[in-house]
Amino acid sequence: MSESSAEAVAIAASAVVDAASATGAGWRRATGVAGAAIGVIAAGAAAGVALERMTVGRGMRAKARLALDSTGPYGALRGTPGKAYADDGTELYYEVDDVEPQGGPANRRRRLFGRKSPLPVTVVFSHGYCLTQDSWHFQRAALRGVVRTVYWDQRSHGRSARGAAQLRDGEALTIDQLGRDLKAVIDAAVPEGPIVLVGHSMGGMTVMALAAQFPELIRERVAATAFVGTSSGRLGEVNFGLPVAGVNAVRRVLPGVLKALGQQAALVEKGRRATADLFAGIIKRYSFASRDVDPAVARFAERMIEGTPIDVVAEFYPAFTDHDKTEALACFTDLPVLVLAGIGDLVTPSEHSEAIADLLPDAELVLVPDAGHLVMLEHPEVVTDRLADLLTRAGAVPAGVTVGGYGSTSSSAQG
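These lines cover the structure that appears in this document, whether it is placed above or below. All values derive from a computational prediction rather than experimental measurement. (Residues numbered from 1 in each chain as written. Predicted model: local features only at pLDDT ≥ 70, side-chain atom pairs only at ≥ 80, totals over all residues. Heavy atoms only, no water.)

Position of S290 relative to the elements: it lies in the loop between α11 (276-287) and α12 (295-306). For S290, a relative accessible area of 4% translates into the label buried. One polar contact links the side chain of S290 to the main-chain carbonyl oxygen of D370, over a distance of 2.8 Å. (Helix = DSSP H or I, 4+ residues; strand = E, 2+ residues; numbered from the N terminus. Buried < 20%, exposed > 50% of the residue type's maximum accessible area, 1.4 Å probe, protein only. Polar contact = N/O pair within 3.5 Å; in protein donor to acceptor, adjacent residues only side chain to side chain.)

Right, here's the structure in full:
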């Protein structure tokens, strides 16, 4: 994006703030601009537009989206449902994919000298901002039947309830709160036995917040950890691939834009739907780096992000600027750790993953070429392969176990 176009987006965003004080027709005229701004925020970016779809008729694009929605298999995997309750009463939804021990239930019977088989390792997956547990679709498909897994929706995302403290008391959302939410899910879904923690983007930050507040849990029960496309801090310095002038302009107006959009959620959602094509282009730019990502996968990501209400987007965004869990990384020093990121990630740049790896010198650092922020959807074969290796090193699965097929979402993906 050119510097002038970035500034134009910032000017447009500023117009949304002005429009928020208007009523009736004045606000309705602003919803088109608001929809564009929402797309930027929900994709984890501060500005930018993608024009590649503008050469195709709008009606044809709408029909294509419907076709992809009806045939795409992504996000269809389901497990045994459960509910956990956060310390403020928020209901958190999770699902468990169980696996029978080899040889069946008899292996859990009491053996000689009163000992039992060790409890199985459970892998707990935490998703990112504006996504849901379904963002782990490919990894879930691959690991089914191999290891016990838990997938959960962060508060106000997916099937979990809106944050009670935010709705009831108007409290600001914090990453520390998300860490306590993860602890509640673990207490409910994995009350005993070893755990492997896997977090993408905001989910990785959630894992760090868990460690900062419950270091004894990490020390006593965590067998390994994977940080995927995440950051331990300094997110306020990310430029989202924009020139300096554009970044500064967007940062100047973004807080006002978020406040305005969050206060007019119903009208903004209408504008959001009206600008679906622009929204899809922005999501693709800030989610993927490959040019040939499967359209059904791109649409799948788009649906997850579209499903996040604008007031939730606005509620969560400020927490990232305050996020700094660098010191908490020390809790993972003696554990097998995977740090993985896409080299083309514009949201949490790979330099942030390198910084995490620098503080965990024994960690495996994997930088994936031709990959963006949603690397686990863009190159699932790479992510699943490295996760399978981590699980083997942690003793979660025996060496030689075959992980299921997981496919590829682009012809340029490397196994």
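Read on, since the account is not over.
Next up on the list: the environment of R393. Examined against the element boundaries, R393 turns out to sit in helix α16 (residues 380-393). A relative accessible area of 39% places R393 in the partly exposed class. Residues R393 and A223, spaced 170 residues apart in sequence, show a C-alpha to C-alpha distance of 9.3 Å. Not counting chain neighbours up to four residues away, the residues in contact with R393 comprise P336, V337 and E364. (Contact = heavy atoms within 4.5 Å.)

This brings us to the sheet that holds strand β5 (residues 195-200). The strand order across the open sheet formed by 8 strands is β1-β2-β4-β3-β5-β6-β7-β8, and the pairing between neighbours is mixed. Each end of this open sheet is capped by a strand with a single partner; those strands are β1 (80-85) and β8 (364-368). Ignoring strand direction, the axes of neighbouring strands in this sheet form an average angle of 20 degrees. Helix-sheet contacts for helix α7 (residues 202-213) involve β3 (122-126), β4 (148-152), β5 and β6 (222-228), and the interaxial angle to β5 is about 135 degrees. (Pairing = 2+ DSSP bridges. Axes fitted to C-alpha atoms, helices over the stretch in contact; angles between N-to-C directions.)

We now examine the nonpolar core. Side chains of a nonpolar character, in soluble globular proteins, are inclined to be buried together. Ranked by size, the top nonpolar core spans 66 residues in total, and within it V196 and L377 carry the most contacts. Judged by nonpolar contacts, the second largest core, of 34 residues, contains W152, V207, I218 and V339. (Core = buried A, V, L, I, M, F, W, Y, C linked by side-chain atoms within 4.5 Å.)

This part covers the environment of V375. On the secondary structure map, V375 appears in helix α15 (residues 375-378). Overall, the relative accessible area of 0% leaves V375 in the buried class. Measuring from C-alpha to C-alpha, the distance between V375 and A341 comes to 7.0 Å, with 34 residues separating the pair along the chain. Excluding residues within four positions of it along the chain, V375 makes contact with V228, L340, V368, P380 and V383.

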